[in-house]
Amino acid sequence: MGLLGYTVRRAFNSVLLIVGTVILTFVLTHIVAPNPAHVWAGPHASATVIQGVIKRYHLDAPWYVQLYYYLIDTFTLDFGVSPYFGQPVSTLIETFYPRTLELDFLAMSLTIVIGVFTGAFAAAHQDRIGDHAVRGFYLLTWSIPPFLVAIILQYFLAYKWILPPGQMADPALALPKPITGLITVDALIEGNWVFFYSSLVHLILPVIALALISFGIITRIMRSSMLDVLKTDYVRTAIMKGVGNRRAVYLHALKNSLIPVITVIALTFAYTIAGSVVIEDIFSYTGMGYLITQSLENFDYPTLIASTIVITISVVVINLVADILYAIVDPRVRLGGGQS
Amino acid sequence: MLTNQKLTIEPTLRVNNLSVEYRSKGGTVPALRNLSLSISEGEILGVVGESGSGKTTLALGVTNLLRKKETKLSGEIEFLGTDMIRAKLSEINRLRGTEIFMIFQDPFLSLNPLMRVKDQIVEAIKVRNRRSSRNYTRSEAEKEAVEYLEDVRIGDASEVARRYPHQLSGGQNQRIMLAMALAEKPKLLIADEPTTALDVTTQAQVLGLLKEIVDRTKMSVMFITHDLAVAGSICDRIAVLYGGMLQEIGPTSSVLGHPKHPYTVGLIQSIPSKTKNQGELEAIQGYFTLEGIDRICAFAPRCPYARPACRAGVPSLIRVDESEVRCINYSQMYDKVDIDPSEKGAS
Amino acid sequence: MTAVTTYSRKRRFARTLRRLTRKIPSLIGLVIAVLFYGWSLVEGILQLIAKYFFYPPYVTPKLAWALLPYDPFEPSFQSTLSPPSFIHLMGTDELGRDIFSRVLYAAPTDAAISIVVVLFGVLIGGLLGLPAGYFGKGVEEVNMRFTDLFLAFPALILALVIEATLGRAVIFAIVALIVVWWPSYARLFRGEMLRIKNQKFIDAALLSGLSDTAIISRHALRASLNTILSYATIDLGNVILVYSILSFLGLGAPPPYPEWGSMVSSGLGYLQEAWWYSFLPGAVITGVVIGFALLGDGIRDILAGEQ
């Protein structure tokens, strides 16, 4: 079968899934919605605005015509103009999404590092105090609402200490020219060290907050897979070959137990991006979460729907990337055949 | 008093009075009790018993693979003069690979699924070379790995070397384990049911190969199996385990030809090929039970010849002919034996 | 059902309950769950009577807070933002309302939501997942593709959109939560069904001529409930957690009706001078969620041992 065939098959499935999710949002916004025109226009819209909305979304046409235009608009990234921000929605997303991606990828990296480390540590200390401590810690962070984590960090580390309580950077500084959209990277490219430092410092608390609420996913799966792998005969074979316990554990066992972790990377991404809706709100970080909460508060429906679609597409794409990564690491998936 | 080895030759492995208990929530469960045996150079010792008899525990104990937290060990395991129970981990790790190696039951689980076959053999070669401070380039080591694969008669060895374990058959994987053993050239090879997961034809080939390797390299083997027929086809001596205790040990011809212990007799009678001309296949009645195991003969609850005396205490291991056996029927004078089970079994 | 099976099932329930009290974590979980639902039941009934059987002077709105230390709606401007004390266990908010009373008053809503959402999640998930696992092929393909569609969305964001579409009210929050909750149960039921299908008793049932629906509903459902039960228990807490996020974002019951999530949110503006306003309702949410997680883990350990 080979890696290429596998990738093509997976990519095809992902495209189907994306089309499916877009259709699902259509069903929700055009068919399930009690009064689509009012939903799209917002509750305080005037009659002329509503007329405009009906025309814009072809709400007076049969459903399949509506679907046709909806799909065309979505896949040409034409999400209309935001009634609240007064800008094209695609421009808004272009501005806000990279900021959230920057935040989420940093948070995810931290999540994976903490998760893999604590999971492997707990497995190596199974049923001892270290194991109980790790499990207690992730039970706590798993059960605590994201907003409470953010508030606790803000209260203890910002108000009582030196870290900035919110925003993306010192508001007195001008934003760097958008090149990649990732503001820290843009600051670097511009050589704007003051802004770069300021934005990094402002990232610390939201990144920790996001990592805290999501690392449990990784810890849990890492711990159980490491426990399973440590009992396998191939780890024993490695030990019997005389490679030494360290190589047996950190090369043979760790690599094998990381495989299940790859499968939850996309889940972690979905989890951090949902978490960042709340976290960004609390830290006044103006990214996608800010955009979503603003559009919720101000009945800016086109922005909300477009944000949802874009985020869902990214989740599907990350899932695809994780699947491919999984195949690269695990020859049983990549090459198929044989017993598994 | 061990077995009928010449005392001038120091055995490769000497197990003395080994007891192993598994810790569990309700207390400890005995897995091995007062087990003593030895293996000398170039000898294949078969360890036979049903599941739960303690044979895998013995293998893991000898290789120091038992989890320290879950087990309680007492007694002695002396391998080439090293105390395998009390030695430092670094010392045991120095023996692993070059002096002692182990092959496991399921060939699909005993090789790392993420590594190519050659890399796994090269890893073994590297360990050996590092110890003998020889210097090998990677390509030399790979060439050697392919040679070992040819030695275990894997067709298209250089192609197989590039594959991953899941792409090969069970027989091929087990041959690769043997190739690894060849690369390490250990003094003692522990084989834990190495052919159980294979089909009969492949089983015979792998057994023949193992025998050939032993003849060539003079390594000692502890061959663990539940199948007395397999043990008979390859082993020099056979030890029969039941309930964590050694019940009978002796040269293969003696154990198979003149079995003394009723359990051994039962095992022989349940080998299909040996009894097919005599009508029915006889299975040993009942199930293994832990009840009262430290007070009575472990086999008494299932033994067709059990007498009240069997429940009076644990019989001691005594010498009968070429074998040693743990049965009350032999521990007293021969004329007091009511029934001689060996007559029935050898017929 | 015969008397014997009723009897043995009752005994099994009692035995499971007894074993839950043996380990400290699951005992803590059990106590939290019983306190939470017990209180919610009593307070919920009082609130319903006060709302629907208005009959002065015996039944007035005041009945709803008869058991609470203070009226949860009545402002008291002498004691705004006072810290926790024996007079106000969790302090007061910016209008001088007792936070402890408001937390207790809000409990029945969360209790009801958690049960309704998990129940519907299990129901829909079972209806799609069990046949998918049992029949395989086309049924599985259709059902699981449909499930994957919902799973592709980050749950919270899908819930936000659904509520923004349908309208902001508790009932729509429940609908939104059910929509994002059932897919994981469909997966779970399918997996359980695949596991069960390979066991001998299903073969025996098939050979004895039982119909597919009978096998699914009678044998497979019961066998899979062991696994589902511990998941559902943990999920009772997770639903409360996610609902608190919706409420935090202003998608729960409208003010002045108190809710755990919205209380944290309104306390944010006073974080520096009145930490208790946000922290303590947040801590209550955390405690309840941990309780259900511990209880669910305990149930899993016991039922896994029985299988």
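Throughout, residues of each chain are indexed from 1 in the direction in which the sequence is written. All chains are assigned letters beginning at A, and all ligands numbers beginning at 1, according to the order in which they are written. Only residues with pLDDT of at least 70 are given local features in this predicted model, and only at 80 or more are side-chain atom pairs given and counted; all residues enter the totals for whole chains, interfaces and linings. Side-chain numbers here rest on the full set of heavy atoms in the structure, without hydrogens or water.

(A) Local environment of the overall build of chain C. Helix and strand definitions follow DSSP, with helices as H or I runs of at least four residues and strands as E runs of at least two, each counted in order from the N terminus. Tallying secondary structure elements over chain C gives 10 helices and zero strands in all. Across chain C, helices and strands are ordered from the amino to the carboxyl terminus as α-α-α-α-α-α-α-α-α-α. If you line up chain C on its principal axes, its C-alpha atoms span 75 × 45 × 40 Å. The long-range share in chain C, meaning contacts at least 24 apart out of those at least 6 apart in sequence, stands at 68%. Contacts between residues were defined by any pair of non-hydrogen atoms, one from each residue, lying within 4.5 Å.

(B) Highlighting the packing of aromatic side chains. Aromatic rings from Phe, Tyr and Trp, with only the six-membered ring used for Trp, were paired whenever their centres fell within 6.5 Å, and each pair was classed as stacked if the ring planes differed by under 30 degrees, edge-to-face if by over 60, and tilted otherwise. Applying the stated criterion to the full structure yields 35 aromatic pairs over all chains. A centroid spacing of 5.0 Å and a plane angle of 85 degrees characterise the contact between Trp 40 of chain A and Tyr 301 of chain A, whose relative ring orientation is edge-to-face. Of this pair, Trp 40 of chain A sits in helix α2 (residues 36-41) while Tyr 301 of chain A sits in helix α14 (residues 301-329), and the two are 261 residues apart along the sequence. Ring plane angle 55 degrees and centroid distance 6.3 Å describe the contact between Trp 275 of chain C and Phe 279 of chain C, whose orientation is recorded as tilted. Taken together, the residues Trp 275 of chain C and Phe 279 of chain C, both in helix α10 (residues 275-306) and four residues apart, mark about one turn of the helix. Classification of Trp 275 of chain C as partly exposed rests on a relative accessible area of 34%. Members of the aromatic cluster, connected to one another through ring pairs, are Tyr 155 and Phe 156 of chain A together with Trp 275, Trp 276 and Phe 279 of chain C. Any residue under 20% of the maximum accessible area for its type is buried, any over 50% is exposed, and the rest in between are partly exposed; the area is computed with a 1.4 Å probe on protein chains only.

(C) Spotlight on a nonpolar patch on the surface. Residues and elements named next belong to chain A. Each patch is built from residues lacking any salt bridge and having more than 30% relative accessible area; the joining distance is 9 Å for like charges and 5 Å for nonpolar side chains (Val, Leu, Ile, Met, Phe, Trp, Tyr). Residue-level accessible areas treat just the shown protein chains as cover; the underlying method is Shrake-Rupley with a 1.4 Å probe. By salt bridge we mean one thing: a side-chain nitrogen of Lys or Arg within 4 Å of a carboxyl oxygen of Asp or Glu. A cluster of nonpolar residues, Ile 23, Val 27, Ile 31, Val 32, Trp 63 and Tyr 64, forms a patch on the protein surface that exposes about 560 Å² of accessible area. Listing elements by their share of the nonpolar patch, those giving two or more residues are α1 (2-32) and α4 (63-75). Looking at which element gives the most residues to the nonpolar patch, the answer is α1, with four residues. In this structure, Val 32 sits in helix α1. Judged by its relative accessible area of 44%, Val 32 falls in the partly exposed class.

(D) Summary view of the sheet that holds strand β5 (residues 82-83) of chain B. Here the rule is simple: two strands pair whenever DSSP picks up at least two bridges between them. The antiparallel open sheet is built from four strands, whose spatial order is β2-β1-β4-β5 (chain B). Of all strands in the sheet, those with a lone pairing partner are β2 (27-39) and β5 of chain B, marking the two edges.

(E) Just the pairing of strand β9 (residues 237-242) of chain B, in detail. Residues and elements named next belong to chain B. When you tally the buried positions in β9, you get six out of six residues, the bulk of the element. Residues Arg 237, Ala 239 and Leu 241 point to one face of β9 and Ile 238, Val 240 and Tyr 242 to the other, with burial holding for every one of them. Pairing analysis gives six bridges linking β9 to strand β10 (residues 245-251), with the strands arranged antiparallel. Its bridge partner lying in β10, Ile 238 is registered against Gly 250. Where β9 hands over to β10, the hairpin turn is made up of two residues, of which Gly 243 adopts a positive phi near 60 degrees.

(F) The arrangement of empty space enclosed by the protein in detail. Think of a 1 Å grid over just the protein atoms. A cavity is a set of points where a 1.4 Å probe fits yet cannot get out, a pocket is an open set with protein on both sides within 12 Å along at least five of seven lines, and lining residues have an atom within 4 Å of a point. Grid points are joined across faces, edges and corners, and a volume is the space filled by probe spheres set on the points. According to the stated counting rule, one finds five cavities of 30 Å³ or more in the structure shown. Within this model, the largest cavity holds a volume of roughly 100 Å³. Around the largest cavity, the lining residues are Trp 40, Arg 56, Tyr 57, Tyr 70, Asp 73, Thr 74, Asp 78, Phe 79, Pro 302, Ile 305, Ala 306 and Ile 309 of chain A. When residues of the lining of the largest cavity are traced back to their parent elements, those giving at least two are α4 and α14 of chain A. Per-element tally for the lining of the largest cavity: the top contributor is α14 of chain A, with four residues. Here the term charged refers only to Asp, Glu, Lys and Arg, the term nonpolar to Ala, Val, Leu, Ile, Met, Phe, Trp, Tyr, Cys and Pro, and the term polar to all other amino acids, Gly among them. A breakdown of the residues in the lining of the largest cavity according to their chemical character gives eight nonpolar, one polar and three charged. Each domain's limits were defined by an automated method or a database of domain assignments. Here the lining of the largest cavity spans two domains, since at least three of its residues come from each of domain 1 (3-75) and domain 2 (89-330) of chain A. Roughly 70 Å³ of volume is contained in the second largest cavity. Pro 262, Cys 297, Cys 303, Cys 310 and Cys 327 of chain B are the residues nearest the centre of the second largest cavity, which is lined by 13 residues in total.

(G) Main features of the interface of chain B and chain A. Listed by partner, the interface residues are 34 residues for chain B and 32 residues for chain A. Accessible area that two parts lose when put together, with a 1.4 Å probe and added across both, is what the buried area reports. Taking both partners together, chain B and chain A bury about 2700 Å²; carbon and sulfur atoms supply 58% of that area. Among the residues chain B hides against chain A, the three largest losses belong to Leu 114, Glu 123 and His 166 of chain B. Together they make up 26% of the total. Here Arg 247 of chain A makes a salt bridge to Glu 123 of chain B, at a shortest N to O gap of 2.7 Å. A 3.5 Å cut-off defines polar contacts: any pair of N or O atoms within that distance qualifies, except that in protein one atom must be a possible hydrogen donor and the other a possible acceptor, and neighbouring residues in sequence count only when both atoms are side-chain atoms. Our enumeration of links across chain B and chain A arrives at 10 residue pairs in polar contact (both at pLDDT 80 or more). Sorting the residues of the side of chain B that touches chain A by element identifies α2 (89-95), β6 (100-103), α3 (117-131) and α6 (170-184) of chain B as the ones contributing at least two each. At six residues, α3 of chain B tops the list of elements feeding residues into the side of chain B that touches chain A.

(H) Region of the structure containing the interface of chain C and chain A. With 39 residues of chain C at the contact, the number on the chain A side is 46 residues. In this assembly, chain C packs against chain A so that about 3600 Å² is buried in total across both faces, 82% of it on carbon and sulfur atoms. Its largest share of buried area at the contact with chain A, chain C owes to Phe 153, Thr 165 and Phe 279 of chain C, together 16% of the area lost on that side. At the boundary of chain C with chain A, the tally comes to two residue pairs in polar contact (both at pLDDT 80 or more). Mapped by element, the contributors of at least two residues to the side of chain C that touches chain A are α4 (137-151), α5 (155-166), α8 (212-248), α9 (260-267) and α10 of chain C. Here the side of chain C that touches chain A gets 11 residues from one element, more than from any other, and that element is α10 of chain C.

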